[in-house]
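# Results of the structural survey
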Amino acid sequence: GDSVTQMEGPVTLSEEACLTINCTYTATGYPSLFWYVQYPGEGLQLLLKATKADDKGSNKGFEATYRKETTSFHLEKGSVQVSDSAVYFCALSDLKDDKIIFGKGTRLHILP
Amino acid sequence: DTGVSQDPRHKITKRGQNVTFRCDPISEHNRLYWYRQTLGQGPEFLTYFQNEAQLEKSRLLSDRFSAERPKGSFSTLEIQRTEQGDSAMYLCASSPGTDYSPLHFGNGTRLTVT
């Protein structure tokens, strides 16, 4: 079945460092891809999404490009802040199934 | 838009007891989802509703679990004869139901079975 694999954490970086969190997927159809974020003490919320190949989703300085040829959707940010510390989940949705499948999550710690 | 609310936030129960959780979705969202999340894992899909109709149930949802959404508004998730393995965070989410619309999550109900 459909699945998402993302890099294991925790990832610890200094403020202003570059971030990449890898995500690859397996799907039989043509899924939409998402990154969700969970800040400490808060619920999951959508960070960005891309609905078709070569689309780039972006929000709050984060970007991810839907790469069909490599079945990837890596999350990137050029300069992270302490406030970016959270757990990040890569996810996919196949229209035929109408549900979202999540990866295991990557915890990010940003040091001041 | 007051967001998705879940009640209670925390529930501690003894093995063998029944528990019920409630979820109030964003008003006018016709899709409602239940997920379960254990430590170090991503949310796992349990079931979802389109209005009052339950359209899909995961194999994770044993016959001890039942979910309802009467009148297509709030939903309840009941676990009968709880087991220690049921300890987890139970997440509810809703969406307007348009193609690829994102899910709006509540803060979850943390269940501890002793």
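First, a word on scope: everything that follows refers to the structure included in this document. This structure is a prediction, so every number in the text was calculated from the model and none was measured.

This part takes up the interface of chain B and chain A. Taken together, the contact between chain B and chain A spans 19 residues of the former and 21 residues of the latter. Across the interface of chain B and chain A, roughly 1700 Å² is buried in total on both sides, 53% from carbon and sulfur atoms. Inspection of the region where chain B meets chain A yields 1 salt bridge. With a closest N to O distance of 2.9 Å, B:Glu56 and A:Lys99 form a salt bridge. Taken together, chain B and chain A are joined by 5 residue pairs in polar contact (both at pLDDT 80 or more).

Residues and elements named next belong to chain B. Sheet architecture is open: 4 strands sit in the order 1-3-8-7, paired in antiparallel fashion. Lying at the two open borders of the sheet, with one neighbouring strand each, are strand 1 (5-7) and strand 7 (65-68). Each strand axis lies, on average, 15° off the axis of its neighbour in the sheet, ignoring direction. Bridge analysis of strand 1 against strand 3 (residues 19-24) gives 3 bridges, and the strand direction is antiparallel. Residue pairing for strand 3: Gln6 is matched across the bridge by Cys23.

Another aspect to go through is the nonpolar core. In this structure, A:Leu19, A:Trp35, A:Leu47, A:Leu48, A:Phe73, A:Leu75 and A:Tyr88 are the most contacted members of the largest nonpolar core, which totals 26 residues. Here this core gets 4 residues from one element, more than from any other, and that element is strand 10 (residues 86-93) of chain A. Core analysis: the next-biggest nonpolar cluster, separate from the first, contains 19 residues, B:Val4, B:Cys23, B:Tyr90 and B:Leu111 among them.

Under the defined criterion, the tally for this structure stands at 2 disulfides over all chains. Across a sulfur-sulfur distance of 1.9 Å, A:Cys23 and A:Cys90 are joined as a disulfide pair. Residues A:Cys23 and A:Cys90 are joined by a disulfide whose S-S torsion is about -70°; by sign, that bridge is left-handed. Taken as a pair, A:Cys23 in strand 4 (residues 23-26) and A:Cys90 in strand 10 lie far apart in primary sequence, 67 residues in all. Residue A:Cys23 is classed as buried on the basis of its relative accessible area of 1%. Assessed through its relative accessible area of 1%, A:Cys90 is described here as buried. Put simply, B:Cys23 and B:Cys92 are joined by a disulfide, and their sulfur atoms are 1.9 Å apart. When the S-S torsion is -70°, as for the bridge of B:Cys23 with B:Cys92, the disulfide is left-handed. Of this pair, B:Cys23 sits in strand 3 while B:Cys92 sits in strand 9 (residues 88-95); the two residues are 69 residues apart in sequence, bridging distant segments of the chain. Taken individually, B:Cys23 and B:Cys92 each receive the classification buried, so the pair is uniform in this respect. No disulfide involves A:Cys18; its sulfur sits 20 Å from that of A:Cys23, the nearest cysteine.

Counted according to the given criterion, the structure contains 7 salt bridges over all chains. Among the salt bridges present, the one from A:Lys52 reaches A:Asp55, with a minimum N-O distance of 3.3 Å. We classify A:Asp55 as partly exposed; its relative accessible area is 22%. The residue B:Arg22 makes a salt bridge to B:Asp24 at a minimum N-O spacing of 2.8 Å. Overlapping salt bridges, with partners in common, bring together B:Arg64, B:Glu83 and B:Asp86 in one network.

What counts and how
Residues numbered from 1 in each chain as written. Chains lettered and ligands numbered in written order. Predicted model: local features only at pLDDT ≥ 70, side-chain atom pairs only at ≥ 80, totals over all residues. Heavy atoms only, no water. Contact = heavy atoms within 4.5 Å. Buried area = accessible area lost by both parts, 1.4 Å probe. Salt bridge = Lys/Arg side-chain N within 4 Å of Asp/Glu carboxyl O. Polar contact = N/O pair within 3.5 Å; in protein donor to acceptor, adjacent residues only side chain to side chain. Pairing = 2+ DSSP bridges. Helix = DSSP H or I, 4+ residues; strand = E, 2+ residues; numbered from the N terminus. Axes fitted to C-alpha atoms, helices over the stretch in contact; angles between N-to-C directions. Core = buried A, V, L, I, M, F, W, Y, C linked by side-chain atoms within 4.5 Å. Buried < 20%, exposed > 50% of the residue type's maximum accessible area, 1.4 Å probe, protein only. Disulfide = S-S within 2.5 Å.

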